[in-house]
Amino acid sequence: MTTHLDVLENESIELIRDVCYTNDCSKIVIFYSIGKDSSVLLHLFKKAFYPFPIPVRFMHIDTGWKFREMYEFRDRIAKEVDLIVYKNPACLNPFTDGPRYTDVMKTEALKQAVDLYDVKIAFGGSRRDEEKSRAKERMVSVRNEYHKWDPRNQNPEIPPLYNTFYTDKTSLRVFPLSNWTELDIWEYIKREQIEVVPLYFAKERRVQKTQTGMYIATENETGELLKVRFRTLGCYPLTGAIVSEAETLDEIIAELKKTEYTERITRVIDYDTESSMEKKKTDGYF
Amino acid sequence: MKNLFRFICCGNVDDGKSTLIGRLLLDTGNVKKDQLADALKASKRNGSDKIELAMLLDGLLAEREQQITIDVAHRYFDYSDIRFHILDCPGHVQYTKNMAIAAAAADSGIVVIDAVKGIHDQTRQHINICSLFQLKNICVCLTKSDLLEGAQDKIAALEKEVRVLLDTYHFNYKIIPVSAVTGYNVEKVLETLVDFAHASAEDRGAQTSVIMHMQSSKLYHGSRYYYGKVMAHEPITGDHLAVYPSGCYVTISNTENLPYGCFQIHENIDISQGDCIANCPIIVSNIIKHKTIWFDKISDDMLLKHGTRVVRVKHFTDSVIELDNDIFFNNIEDIKQNGFGIFIDNVTKKTIGCCVFTENKNHQKTEVSGITYWINTSDKEKENEQLNLLRGKFSITPIIFDLSLMEKTVQKNTRDILAVLLAAIEVINSQGQNVIVIGTQGIIPQGNHIKVLTVL
């Protein structure tokens, strides 16, 4: 029987090949964020071109504030694939620079990297179930010359006939995981035995409580020792941990089936204002 | 493991589509606490003190401000053994194009009609689009029926009107009065959707057409790998398929341990990007009857994308398009997935239209006659004897299709025999040869030849 995971995998692979085979691969990158979705995306790229190597480069927009375990994981992946690491030389600090930090170190950095490496097509691991404005986004999404998204004027999309063309003035963002949910990602990681950063599994970790009541990781000895895991990964000062007993993939899947909250509550960047993701995306954030 | 089922929700503006979907999500336990809190905040800003269910769906700022749906929203929920993927469509006339996008991707739908206001022009337009894109199952929800409580005759009259309208199409449909606000009959809608999901899975299971549009072929350590877009079924080892436009035939030698849409073949033949392989009749033409839904202004310089071919449009009328190269398609009424294309403006590269292929005839394949002989290839000596006999009899070189290569699958699947017969007919057609030999180890149909009179 063809399961929903087969259908999702097949659609993603077909889209990946469609985009890469109809365009100059030197203009394409895969945004790699080191998270679980990126791990699945990497796996799908390997599958799509099997037995050949992945024909496009990966790109990590670094902020300098990711978890240590993430850097270790990334450096191991870099031995397998062609990975570009880009960091905005502005080097802002998430503790002291406030909201400007995300704008400069993520949105601006992304635009700089895209221009620097002459990227016309960028793949990303975003999913529609993550956030309401993402639920409206196309799988092949057009950006204008300023890298902006115009949600009211999107290209009509009729899968599997993706419009993979761009002009001098436009570039594309491609989201092969659009129709996947968080649960699908974990079920697929289990099925395909995909490696992910160990931070996703519950373990005693040192954390501190922020003003909003979120637990963030700390290396300070005064931090509380709690059994936690991370549902999403990003810059550690902006990523909330959840108290959890889920040490294995099966336990994570069971936990997700029962959870009363979406993964978005663990992201400071998304949760500050309603519709903030749409604003960030129209400004050029991924 | 779940089955994936895609359906659209359409209908006129303000008839309560997003509210109904919001209710379905809520009742199946697929709304999380933070999503509820978020929707409540938005509802309050719009002056309501309780949650407006539509706020669970409308995601864009402009939509929340104007309280309308502009673009298709994709939502996912699990219920029973099914993963539902809803494509919630905008109802406004100016956003009809977005509804058409959703209809192309689904095979079932909910059509929402406000029980008080009745059928609107826009409802008819949406039903038309559902029909154009060959949706099979339609669940008509008469929403806000709580407002008509006690007026059963009014609902009965509307039901009748809907029946008359839908009977002019070929839908399998069900009409259910509901109230998303009170939850009345929402369970019935869910049950109906589950039935549709099972019917749709069965339909897919019964389909046997293999159609692929080629994306690439590459050599790796001496063996060639082919990659393509699967329009209907994926081929399996042993499948005997016709290649378009070359007209030759290939036998799949390997699909095991290869990714989706990837295969190897026995023959040393190049199948290039844009070619098509299939086990069923495919229409090959550059002059095509169509119906098009326009999203944008029609352009003088247009491309048509279908399968993995992008061709220039030479001439366009409302009923016929002429392309500068052939494409390989089916009428949408026969095989939906291979029955439409998109128009792309060659200057702006925007998608400006969706074109549905309909009522085209397969000109290349009409009334042919030929004879197919079945011989036993398990015994080499006997095989040669039979072939020599045939050569003498017809003074030509017989063309041999060897079924023995697909022996195992033949026993399981009659579609392979059909594929061979089709392939045989194709050769009769293209080469004017009227004798075809089909080799097989053992299973030989009754009698020693089959006369093929018409194309399947």
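In what follows, the accompanying structure is described.

Calculation notes
- Residues numbered from 1 in each chain as written.
- Chains lettered and ligands numbered in written order.
- Predicted model: local features only at pLDDT ≥ 70, side-chain atom pairs only at ≥ 80, totals over all residues.
- Heavy atoms only, no water.
- Helix = DSSP H or I, 4+ residues; strand = E, 2+ residues; numbered from the N terminus.
- Buried < 20%, exposed > 50% of the residue type's maximum accessible area, 1.4 Å probe, protein only.
- Contact = heavy atoms within 4.5 Å.
- Areas by Shrake-Rupley, 256 points an atom, 1.4 Å probe, with all protein chains shown as cover.
- Expected span 1.5 Å × (residues − 1).
- Disulfide = S-S within 2.5 Å.
- Pairing = 2+ DSSP bridges.
- Buried area = accessible area lost by both parts, 1.4 Å probe.
- Salt bridge = Lys/Arg side-chain N within 4 Å of Asp/Glu carboxyl O.
- Polar contact = N/O pair within 3.5 Å; in protein donor to acceptor, adjacent residues only side chain to side chain.
- Nonpolar A, V, L, I, M, F, W, Y, C, P; charged D, E, K, R; others polar.
- Arc of directions from axis to C-beta.
- Axes fitted to C-alpha atoms, helices over the stretch in contact; angles between N-to-C directions.
- Phe/Tyr/Trp six-rings, centres within 6.5 Å; stacked < 30°, edge-to-face > 60°.

## Re the overall build of chain B
Phase 1 of the analysis: The number of helices and strands found in chain B is 10 helices and 22 strands.
Phase 2 of the analysis: Considering chain B as a whole, with its 456 residues, one finds that 58% of them fall into the buried category.
Phase 3 of the analysis: Counting contacts in chain B only where the partners sit at least 6 residues apart, residues at least 24 apart contribute 70% of the total.
Phase 4 of the analysis: Within the structure as shown, chain B displays about 19600 Å² of accessible surface, and the carbon and sulfur contribution to it stands at 49%.

## Re helix H5 (residues 121-132) of chain B
Phase 1 of the analysis: Taking 1.5 Å as the rise per residue, H5 of chain B with 12 residues should run 16 Å; its terminal C-alpha atoms sit 16 Å apart, in good agreement.
Phase 2 of the analysis: Phi turns positive one or two residues past the end of H5 of chain B, at Gln134 of chain B, with a value near 60°.

## Side note on the state of the cysteines
Phase 1 of the analysis: For the structure shown, the criterion picks out zero disulfides over all chains.
Phase 2 of the analysis: There is no disulfide at Cys91 of chain A, and the cysteine sulfur nearest it, in Cys235 of chain A, is 12 Å away.
Phase 3 of the analysis: Residue Cys262 of chain B stays outside any disulfide, its sulfur separated by 15 Å from that of Cys20 of chain A, the closest cysteine.

## Structural notes on the pairing of strand E3 (residues 82-88) of chain B
Residue and element names in this part refer to chain B.
Phase 1 of the analysis: Taking burial as the measure, the seven residues of E3 include seven buried ones, the bulk of the element.
Phase 2 of the analysis: Where burial is concerned, the two faces of E3 agree: the one with Ile82, Phe84, Ile86 and Asp88 and the one with Arg83, His85 and Leu87 are both buried.
Phase 3 of the analysis: Pairing of strand E1 (residues 3-11) with E3, which is carried by seven bridges, proceeds in the parallel orientation. The partner of Phe5 across the bridge, within E3, is Phe84.
Phase 4 of the analysis: The sheet contact formed by strand E2 (residues 73-79) and E3 spans seven bridges and is antiparallel. Note on E3: the bridge partner recorded for Tyr79 is Ile82.
Phase 5 of the analysis: Counting the residues in the hairpin turn of E2 and E3 gives two residues, including Ser80, whose phi is positive at 60°.

## Focus on the interface of chain A and chain B
Where interface size is given, it is often the accessible area lost as the parts come together that is meant.
Phase 1 of the analysis: Taken together, the contacts link 62 residues of chain A with 71 residues of chain B.
Phase 2 of the analysis: Regarding the contact of chain A and chain B, the summed buried area is about 5800 Å², with carbon and sulfur atoms giving 56% of it.
Phase 3 of the analysis: At the junction of chain A and chain B, the tally comes to six salt bridges.
Phase 4 of the analysis: Taking the shortest distance from any N to any O, the salt bridge between Lys305 of chain B and Asp18 of chain A comes out at 3.4 Å.
Phase 5 of the analysis: On the surface where chain A and chain B come into contact, there are 23 residue pairs in polar contact (both at pLDDT 80 or more).
Phase 6 of the analysis: Every element with two or more residues in the side of chain A that touches chain B is listed here: helix H1 (4-21), helix H2 (36-49), helix H5 (182-192) and helix H8 (276-282) of chain A.
Phase 7 of the analysis: It is H1 of chain A that contributes the most residues to the side of chain A that touches chain B, 10 residues altogether.
Phase 8 of the analysis: Taken together, the residues that form the side of chain A that touches chain B break down as 25 nonpolar, 18 polar and 19 charged.

## So, helix H6 (residues 152-166) of chain B
Residue and element names in this part refer to chain B.
Phase 1 of the analysis: With 15 residues, H6 should reach 21 Å at 1.5 Å per residue; the first-to-last C-alpha distance of 21 Å fits that figure.
Phase 2 of the analysis: Taken together, the buried positions of H6 are occupied by Ile155, Leu158, Glu159, Val162, Leu165 and Leu166. For H6, the buried positions fall inside an angular range of 120° around the axis, keeping them on one side. Projecting away from the buried face of H6 at angles above 90 degrees are the exposed residues Asp153, Lys160 and Val164.

## Quick word on the pattern of salt bridges
Phase 1 of the analysis: Taken as a whole and judged by the stated rule, the model has 41 salt bridges over all chains.
Phase 2 of the analysis: Between Glu182 of chain A and Arg231 of chain A there is a salt bridge, with the nearest N and O atoms lying 2.7 Å from each other. In this pair, Glu182 of chain A sits in helix H5 while Arg231 of chain A sits in the loop between strand E9 (224-230) and strand E10 (241-243), placing the two residues 49 residues apart along the sequence.
Phase 3 of the analysis: The class of Glu182 of chain A is buried, set by a relative accessible area of 6%.
Phase 4 of the analysis: For Arg231 of chain A, a relative accessible area of 4% corresponds to the buried category.
Phase 5 of the analysis: Ionic pairing is found between Asp296 of chain B and Lys350 of chain B, a salt bridge with its closest N-O pair at 3.8 Å. Of this pair, Asp296 of chain B sits in the loop between strand E13 (283-294) and strand E14 (302-306) while Lys350 of chain B is found in the loop between strand E17 (340-345) and strand E18 (351-357), placing the two residues 54 residues apart along the sequence.
Phase 6 of the analysis: With a relative accessible area of 31%, Lys350 of chain B lands in the partly exposed category.
Phase 7 of the analysis: Where salt bridges share partners, they join Asp6, Glu9, Lys47, Arg191 and Glu192 of chain A into one cluster.

## Examining the sheet that holds strand E3 (residues 83-87) of chain A
To summarise the sheet geometry, strands pair through backbone hydrogen bonds and adopt either a parallel or an antiparallel arrangement.
All names here are of chain A.
Phase 1 of the analysis: Pairing within the open sheet is mixed, and its six strands lie in the order E3-E2-E1-E4-E6-E5. The two strands at the open ends of the sheet, each matched to only one other strand, are E3 and strand E5 (140-143). Neighbouring strand axes in the sheet, compared pairwise and without regard to direction, differ in orientation by 30° on average.
Phase 2 of the analysis: Each of strand E1 (28-31), strand E2 (57-62) and strand E4 (121-123) is contacted by H2, which is oriented at about 140° to E1, the strand it contacts most.

## A few points about the packing of aromatic side chains
Phase 1 of the analysis: The final tally for this structure, using the stated rule, is 29 aromatic pairs over all chains.
Phase 2 of the analysis: Centroid distance Phe52 of chain A to Tyr220 of chain B: 5.0 Å. Interplanar angle 70°. Geometry classified as edge-to-face. Note that Phe52 of chain A is positioned in the loop between H2 and E2 and Tyr220 of chain B in strand E7 (residues 211-220), a pairing that runs across two chains.
Phase 3 of the analysis: Phe52 of chain A sits in the buried class, given a relative accessible area of 15%.

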